[in-house]
Every structure is written in structure tokens, then in C-alpha cells.
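# Summary of the model geometry
Chain by chain, the residues run as shown.
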Amino acid sequence: MNIPHLTSLVIFLPALGAVLTLALRRASAIRWTALATTLATFLLSIGLFVGYDPSVSTALAPQLADVWAGWLPDGYDIKYFVGIDGLSLLLVMLTTLLGPIVVLSSWTYIGEKHKGYYALLLLLQTGITGVFTSFDLFLFYIFFELTLIPMYFIIGIWGGTERIYAAVKFVIYTLVGSLLMLVGILYLGYAAGDAVNNGVFTTDWYTLLEYNIPLAVQGWLFAVFAFSFAIKVPLFPLHTWLPDAHVQAPTGGSVILAGVLLKMGTYGLLRFCLPLFPNVAQSSAGLFAVIAIIGIIYGALVARVQDDAKSLVAYSSISHLGFVVLGLFAFTTEAMQGAVIQMVNHGLSTGALFLLVGMLYERRHTRLMDDYGGLATSVPVLTTLMVISVLASAGLPGLNGFVGEFLILLGSFKSPVIDSPVLIAFATTGVILAAMYLLHMVYRTFFGELTNEANAQMADLNGREFGLMVPLIVLMFVLGFFPSPFLRQTAPTTEFLLETVEEKRAAVERMEANDAATAEEPTQVPTAPPEGQEVSIDVPSTSP
Amino acid sequence: MDLSTAFPTLVTDLPAAFSMSVVGLVGLAMIVLDAFRNDHPAIPWLGVAALGVSAAWEATHLGAPQSTVFFETLRTGGFVAFINLIILLTGLATILLSVPYLNQLRYDYGEVYALIMFSTVGMIMLGSANNMVSIFLGLETMSVCLYVLTGFIREDEGAVESALKYFLLGAFSTGFFLYGIALMYGATGTMALPAMAAAELGTLSTRLLFWGGFALFLVGFFFKVSAAPFHMWTPDVYQGAPTPLTGYMSTATKAAAFAALILVLVHAVPGGEWQLSVAAVAVLTMVIGNVMALAQTNVKRLLAYSSIAHAGYVLVGLSAGTSAGYAGALFYLLVYAVMNIGAFGVMSMLEWDGKEGREQTLSSLAGIANDRPVLGSTMGIFMLSLIGFPPLGGFAGKYFVFAPAVDAGLTWLVVIGVLMSALSAYYYLRVVYVFWMQSADDVEATDPVRAAAFPRATVAATGTLVVCAVALVVLGVFFGGVLETTLGFFESTAMATAP
């Protein structure tokens, strides 16, 4: 099977569907169109999974690439450049998988303004897929920001009572980070252009990789990039927008947010921060490990004291993503592989938890755990699915969460960069704490005595709800028992990234050492001509 | 100048003044028609036709080579065509939006449209000036018409107050401006922009004369583009002027004035010694505009401060002092015109107080997007573009004024710029969420009931808004072509090498 422009098709098909829904009137027609679009996108993305060949190196170019260089005039080397490598692949698959699931979960949840909701949902999917497939920093930035607008409206229009506060907070937090990153992109583009691209501004990822950034500049560039991504992940103490956004968002929004939107942060760290700024990334690995571990423990402790089930799941996200960041900054193959697979795992299990909590909310219009209790007898199927998802999220062996967390912890223990097994021992407590707060939630909600009449009358999952949960549950088991087919897909890319980090780090160190050596010998260095700022305009010379 | 050959030169140069002549003559015809058939409904459409034809003419001249005409008093070529295109299209949109609005207020006087035409002529002259005298002529033609347009609803005290304020302060700034020109003339002995650059500034006193004059000249310009600290008049005037005309004032005026400023910077003072002063004004403008906008409850005032802020972003591009910076600024002016004329257009159609929206708070429009989805959606796009969200034109615009500044070593300036953009998200998003996310029940009913007294949304007016919104999306995705065009204006032979 060889579909031309497959990657672009997967990115833009949802946007096309969004335009199509705008032309429709009937709510059911809009829903079916959205479902058909997302399903078609998912089927196409299977083509990506099949078409991607891990044995072919992506060291020089991504696979299934689509390039359009004529986007901008010659003065800027900015391209439309998308493609797939091992890092993109699973995250794109996760995004396209969650697409139809989210549409189905919103089927009855969204009661008004269907057109806007599904159009924004589809547009959001285009943005997220674009983020995971862009190999041009400028393009990446456009998609990165494109995800903000639909999410803002989804939270702000279809959210809970405090929706506006949550939506604005979400946008402002992210925007501050990403705009500072934009300055970094501009600076990096010119600097890299001067160094390796014949003076032409460039944002091509592969060209940027060739540029060894001097240490003095690397520091602040890393800072602005990492700051932006840390807000997105979110890392402690920049996480405060997340619980608000999650609790207020409609179920579909929460699932997208937790499932894939947060991964844009960890993905950005891995794709850009680590390979572009290797020296600073490694020297600040300890700091990031500490922050990540604080996040793991803090998120877990705060989750434990929540009364609101959705809020509990939101804090659990902070804790789980702490593991991912820890894995990234360990700089070992195992940990990085674990981090990549954990991004997917978290999308599956936390997505499932949000879906199930949303289903409860749809039935009883409350998220407080005290309002439930004893649901196991009235809704056995929902209970079963919830228990599986919780166990997956808590990292029970045999389910997906275990694979990622185990690899991350294993890799971090032997990490020469962090080099502190004691610190990692603290991280392991996160696994125990996760079991504690998650099982506590299950206990309060599903077991104990069935006191409330409304809970006793609660209807169990219908066909649609069960159907949308099945793929998630199945994948939890598949990834738990047979993770190797997936790990094989990502392995070459993570290895390539680690090698790049190592090579570039060494290269910059050599470069700095050379500079220091030449600086000690006061040789006659020819002074560079001052930078000309000639402004020219096409005009015949006129004399007064 | 040899007068014996003057006539043939004038005749051969006439096509260069095509838009100016067509718009001016049709404006006169409109006045004549108005005299015989008072307030005839065809008057605005005459204007639309003239502006449309002129815009089409300019669009075909975007690639024309740059040269001077009329004895080097005016310029022609791509740069001028581009600026004229912005001005003409903005004028076109303004007339289309004004018709239903003035109709509602029962002030659809024929002379209003004629005045729009005349001020357009002034702007065209300003944007194609190659001589200080042309700049002054253009500036005054434009401004005098705008003073009248601000206050032509003469029974309304607020409007008259605005007009008077605008006139007094405007006249004051013209004084600065003229004095600046006089000093520069004294130092160089010429009024022609390229000759000024070529003039020898030998002694210290000549240099002082020139740079002092240039500083006064800049003050006059900063006033017209409402850059801080010369922005004080902007919110009051914008709030009191008829809304579609406010849109016109905030976009076309800025495009023309910035174009003239670019011409002066490129041709008369190409050295770049002014770089830091312009950067300082840019900082002040961005900070004051954005911070003050945070506290506004009236949308027109909010947009007034936002337009101050946007002048600051353009100044960032100018302070880079490179061709890429000027090209980015031109691109920004285009995008800014589209989004701002749209934003004021939407507000003009959501006005219920009969006082040019002066007394109407933002929260009185809570949930309006549910009743008027087209206005709501287009306003959403305009606001998001003003913030600078991709993939809308506002983002591309900001990118290409900020990028050259970073290249020119002004990274600190760009950091301030992006932080201010993040700040601006707060107040622009407030408009969006009041329109979309609140409902009329959410806000206390202190405001008069939203009566059905909104101006009638005609097809032409609504269509204008939709075209603006679509244009922003197109400019946000396919900006390459436009940017290439604007970059082309500043390429090839250096002007500074003239004798």
C-alpha cells in the first residue's frame, strides 16, 4: 500500500472534516461526519504504522516525508516539512486512535452547539498530529499554537461552571512559555543560518542538528525552550493550570488534554531540547530529575486528598508525567524508551480513566466521590473497566503502565548523568502512592455500601460506551504483555537521539576548549568587519 | 527644472497618479451629485466603484520598478502600489461598513463619503512622497478630512468633543512636524528626501540642526501613528468617532503614515543612527498600549489601546533598520489593516446606544455570538489574529517584524514584544469569551437591555467582514508570496550610494 502524501493526509483530513461539519445543520449528521472523519484518519494512520520501517535510518531524513520548500521566499529556509520517525509514530497513532473515541464519548455528553464542538475537536486533532510530525521548528511552532485555540473554546464553551477562568488560565500560561520560545526560535534560526546554512535563516530540524551551539548561548536557549515545554507537560511548579483545565473541560476535552496534548511538552523536550542543547540538558539533568520527582510525589499526594474524581485523575497525570520527564533526563536507552512508551501508556490509561469518570458524571452530574459508593453491584461492567484502567495506571505487571515505569526506573538507576540511586528510590515511591490513591478512589466510588437510590438505579454501559472503551482496554493488555513490537519501532530513533546528544555534547566541549586555548594565546586576530546594515531600494540614482 | 519641458513630463507621469486622480475626481463628482440630489443613496457606491477600480490598478502595479515622477516629488513602483492597495481596500471596506451604520444613525450624508475619498487622496500622497512638501501636503489633506469625519455627527456632544480634541492636538503636532522640516531644510538646503541623505553635514551646528529637526519631525509622525508618549488623544478620539470611521482612522492612516516614515528612514536618513530611539519608542508604545488596554471595559477604547500597541510592533520592525525589517513592517501593516477594520466593523454592527458605542460596555454584549454567529465568528478570528495566534495573519505579521529585530541584535526588544503579546491575550480573549462563553444571564442587568436596535447587517457589510476573516486565514498560511513581494521593494541597488 503506497498512498502519496500519507503523512499530510493524516494531518489535514480532520481539518477537512471540520470544514465539512460547518456546512452541515443536523446534529446527527455533524456527529456522524466527525466520526467518519476520525475513523478514516485512524485507518490512514495504520498505513503509517505499516509503512514505517524501523530498519531504515532516520538520521538524515524522516520516513514518509512531505516537503514543500516554496512556502517562503528565499531569505528564509522555512519549509513545510513533515514526516515520521520512531518518536512520532506511536504518538501519531495514539492521537488518531483517540480521535474517534473522543467523538463517540461526546455523542450524548455534548447537548448543544454541536457544530462548533466537533469542528474544533477535528481542528485540534490536526494541530496535535502536526506537532508530532513536523520536522521544521517554525512549522512545529505553528501547530503547537494551533492546538491552543480549539482547546480554549472547548473548555470555555462546553466546560463546567468555572470554565472561563480555567480556559483563560490555560491559554495565558501556555502562551507566555511559547512566545518566549518563539524568541528562542528566531535567535536559533539566525545563529544556525550563519553557522551552517550559508547565512540563510533556518528552522529545518536536521540542519539545526548540525549546528553546535556555543555554551554561552545554549544556556538561555535551553531555558526558554524547556520553560515552554515544562509548562505544557506540566512540571512542578508550573502545573497549576492543569487541574483547573481538566476539571472544567468536558470529557472529550479532558481525554485529548491528558491523552495527547500534554505529550506535546515531553515530545518537545525530547525532540528539540535534548538534541539541540545537549550540554546544558545534561548538566541540568539533575535539576530536572529533582523537579520530576517532586512532581511525582507531590502529584500523588495531592491526588490522594481529592474529593473530586476528575481532579484526582488530573493530579495523577502530573505524577505520571513526572516519570516521563525523569526518563528523558536519564540519558540512557532504557529510560528513554520507557519514557516514549510511557507517553503512550499514559494516554491510554488516563484517557480511559477520564472517559469512565465522564460516564459517571453523565449519569449523576456529580464528580464527588462521596456521592457514589457501591456502584459495583449496579454497574458491574463499568466497574470492571474502571478497575482494569486503574490497575494499568498504577503500573500492575501485565498491564501497560508497568512496562513504561519499569524501564524508566531501571534506566534512571543506572543513569551516569543523574548518578543518584537514592533520588530514584524516591521516584519509586510514586508507584506505591499511585496504587494508594487510585485504589482509594475505586474503593470510595465502586465498593462499600450502595446507599444512594440514584446510584442503585444507574444504568450500566450501553453499546456505544462499551465499544469505545474496548480498544483502550485491549491495548492496555497488548502493551502490557507484548511491548516489544512497539519498542522495536521506537528503538532506532531513541538510539539515534542519544548518539546525537553524545556526539554534539563532545563537539561543543571540543569547540569551547579550542576557543579557550586560542584565547590564552594573544594572537593577532583580524577584527571582523562591522555588520553592515545597508538598506537598499531600487531606484535610479538621482541628483538634485 | 526646465519649464519648457514641464508639460510633456507631467503628461507622461500622469498614469503614476492614476489612483489619486480617480479617487479625487470621483470624490468631487460625489459632492456635486450631493448638491443636486441630497444624500442620494448612489453616492457611496460611486466611491466603492472608484476605490475598487483604483485598487485593481494598483494590484497590477505591484511588480513595477521603483522610480520618481513629477520632478521627483512623488514615487511610483511596487512599494507605493502596495501601500496604495492597503489604503484603497481599507477605504472600500470602510464605505461598505459605513452605509448600514450611518443609515441607522440617520446620518448617511453624501459628503461623508466624499470626505473619505479626499482623505484617501491625502493618504496616497503621503505614502508615495519623495519630498518633504509632498509629505506635508498628504498629511494635512488626510488629517483635515479626518477631523471633520470624527465630528460630523454634530448633535452628539461626545463626537464633537472628540473632533475638537483631535483637531487641537493634531494641529499642535503639525507644528512640531513643520518646524522639524524647516530645521532639516536649514541644515541640508533641500526638501527632497534622497538629497537630504546626500547633503554634507559638516559642522557641529549643522548636525545639531539636522538631528534636532529630525527629532521634531519624528514627534509629528509618532503622533499620527499614535506611538507613546504621543498617544494620549487616541482613546478619546477613537471612542467618540463613528465606529466604521474609527476603523478607517486606525488602519489606513497608520499604513500611510508608516509608509512615509519608512520612505524617510530609507531615503533621507539611511544611516540607522536613529535605531535605538525608535526602539525606545517601540518599547514604550507596546508597554503602555497593552497595559492600558487591560483595564478597559469599552471595546472601542480597548481597540484604541490595542492599536497603540500594534504601532509598537511595527516600530520593532522599523528599528531593525534592515530591508527585512521594513518588508516585515509593510506586511504587518497589511495584516493589521485587515484585522482592525474587521474588528471595528463588527463593533459597528453591535452598537445599540446610539452614541457611537461610547457608553456601551463589553459585558452588555454577553453571549451575543449565539444570536449573531457570523459576527461572533469573525470577531473571534480578528481577536485571535490580533493576539498573534497561528495560523492567522497576525502571527505571520508579528513573526516577520520580530525576526529581523532579532537578526539586528535587538533580542531584548523582541523579548519585551512577546511578553506584551502574551499580556494582550488577556484582554483580547476577554472579548472572545464575553461574546461566546457568557450568556446574557451571567452579567448583571445594569446595562440597558440589548434592544433590537443594532444596525442592519447588510449583505455587503457582512460580506466585508467575512472577506476580512478569510483573508486573515489565507495571509496566515500563505504569507510567502506577499512577503516575497514586500522584500522585493527593498532589494537591489542601494539608495545610499546616490551622490
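Numbers given to residues run from 1 along each chain, matching the order in which its sequence is written. Each chain is given a letter, starting from A, and each ligand a number, starting from 1, according to the order in which they appear as written. pLDDT decides what is reported in this predicted model: residues at 70 or higher carry local features, side-chain atom pairs at 80 or more are listed and counted, and totals for whole chains, interfaces and linings draw on all residues regardless. The side-chain numbers reported here are obtained from all heavy atoms of the structure, hydrogens and water having been left aside.

## A few points about the pattern of salt bridges
Residue and element names in this part refer to chain A. When a carboxyl oxygen of Asp or Glu is within 4 Å of a side-chain nitrogen of Lys or Arg, the pair counts as a salt bridge. One pass over the structure, following the stated rule, counts 14 salt bridges over all chains. We note a salt bridge from K169 to D244, for which the minimum N-O separation is 2.8 Å. One end of the pair, K169, is in helix 7 (residues 163-196); the other, D244, is in helix 10 (residues 241-248), and 75 residues separate them in sequence. Residue classification places K169 among the buried residues on the basis of a relative accessible area of 16%. Residue D244 is classed as partly exposed on the basis of its relative accessible area, which comes to 23%. When the shortest N-O distance is used, the salt bridge between R505 and E502 registers 2.5 Å. Every helix listed is a DSSP run of H or I at least four residues long, and every strand listed is a run of E at least two residues long, numbered separately from the N terminus. Accessibility here uses a 1.4 Å probe with only protein chains present; expressed as a share of the type maximum, an area under 20% marks a residue as buried, one over 50% as exposed, and anything in between as partly exposed.

## Points about empty space enclosed by the protein
For cavity detection a 1 Å grid was placed over the protein atoms alone, and a set of points counts as a cavity when a 1.4 Å probe fits there but cannot get out; an open set counts as a pocket when protein lies on both sides within 12 Å along at least five of seven lines, with lining residues being those that have an atom within 4 Å of a point. Grid points are joined across faces, edges and corners, and a volume is the space filled by probe spheres set on the points. As enumerated under the stated definition, the model contains 7 cavities of 30 Å³ or more in all. In this structure, the largest cavity occupies an estimated 80 Å³ of space. Lining of the largest cavity is provided by E145, L175, L179 and L182 of chain A together with I387, G388, F389, F395, K398, Y399, F402 and V418 of chain B. At the level of elements, helix 7 of chain A together with helix 17 (393-407) of chain B are the ones that each hand at least two residues to the lining of the largest cavity. Sorting elements by how many residues they give to the lining of the largest cavity places helix 17 of chain B first, with 4 residues. Each residue is assigned to one class: nonpolar for Ala, Val, Leu, Ile, Met, Phe, Trp, Tyr, Cys and Pro, charged for Asp, Glu, Lys and Arg, and polar for all the others, Gly among them. Of the residues contributing to the lining of the largest cavity, the split by class is 9 nonpolar, 1 polar and 2 charged.

## With respect to the layout of surface pockets
Quantified by volume, the largest pocket comes out at close to 1,800 Å³. If you go around the largest pocket, you meet 46 residues; those closest to its centre are L22, L120 and L123 of chain A together with I381 and V473 of chain B. Elements supplying a minimum of two residues to the lining of the largest pocket: helix 1 (6-22), helix 4 (114-133), helix 5 (137-146) and helix 6 (148-158) of chain A together with helix 15 (368-371), helix 16 (373-387) and helix 19 (459-477) of chain B. With 8 residues, helix 16 of chain B is the largest single contributor of residues to the lining of the largest pocket.

## Digging into the packing of aromatic side chains
When we look at a pair of aromatic rings, we describe it by the centre distance and by the angle of the planes. When the centres of two rings from Phe, Tyr and Trp lie within 6.5 Å, Trp using its six-membered ring, the rings pair. Their planes under 30 degrees apart give stacked, over 60 give edge-to-face, and anything left gives tilted. Applying the stated criterion across every chain, the model contains 70 aromatic pairs over all chains. Plain terms: the ring middles of Y117 of chain A and Y118 of chain A are 5.2 Å apart, the flat faces sit at 90° to each other, and that makes the pair edge-to-face. You'll find Y117 of chain A and Y118 of chain A in the same group, each marked buried. Aromatic pair F331 of chain B and F400 of chain B: ring centres 6.5 Å apart, planes at 85°, arrangement edge-to-face. Placement of the pair is F331 of chain B in helix 14 (residues 323-349) and F400 of chain B in helix 17, with a sequence separation of 69 residues. With respect to class, F331 of chain B is no different from F400 of chain B; both count as buried. In this structure an aromatic cluster arises from ring pairing among W71, Y76, F138, Y141, Y190 and F201 of chain A together with F331, F395, Y399, F400 and F479 of chain B.

## Quick notes on the nonpolar core
As a rule of thumb, soluble globular proteins bury nonpolar side chains together. Counting residues in hydrophobic clusters, the biggest one holds 389 residues, and the most contacted among them are F225 of chain A together with Y399 and F435 of chain B. In terms of residue count, helix 14 of chain B provides more of this core than any other element does, 19 residues in total. Nonpolar cores are built from buried Ala, Val, Leu, Ile, Met, Phe, Trp, Tyr and Cys residues. Side-chain atoms within 4.5 Å join them into one set.

## Observations concerning the interface of chain B and chain A
Interfaces are often sized by the amount of accessible area the parts lose when they come together. Contacts between the two partners involve 63 residues from chain B, matched on the other side by 47 residues from chain A. Summed over both partners, the accessible area (1.4 Å probe) lost when two parts come together is defined as the buried area. Between chain B and chain A, a total of about 4,900 Å² is buried, with carbon and sulfur atoms accounting for 74% of that surface. Taken as a group, F389, Y399 and M437 of chain B account for 15% of the area that chain B buries against chain A, more than any other trio of residues on that side. Applying the counting rule to chain B against chain A returns 0 salt bridges. Pairs of N or O atoms are called polar contacts if they sit within 3.5 Å, as long as, within protein, a hydrogen donor faces a hydrogen acceptor (for residues adjacent in sequence, only side-chain-to-side-chain pairs). At the boundary of chain B with chain A, the tally comes to 4 residue pairs in polar contact (both at pLDDT 80 or more). Listing elements by their share of the side of chain B that touches chain A, those giving two or more residues are strand 1 (67-69), helix 8 (193-198), helix 11 (243-268), helix 14, helix 16, helix 17, helix 18 (411-436) and helix 20 (480-489) of chain B. Of all the elements, helix 18 of chain B adds the most residues to the side of chain B that touches chain A, at 13 residues. Of the residues belonging to the side of chain B that touches chain A, the class tally is 42 nonpolar, 15 polar and 6 charged. In this analysis, two residues are considered to be in contact whenever any of their non-hydrogen atoms come within 4.5 Å of each other.

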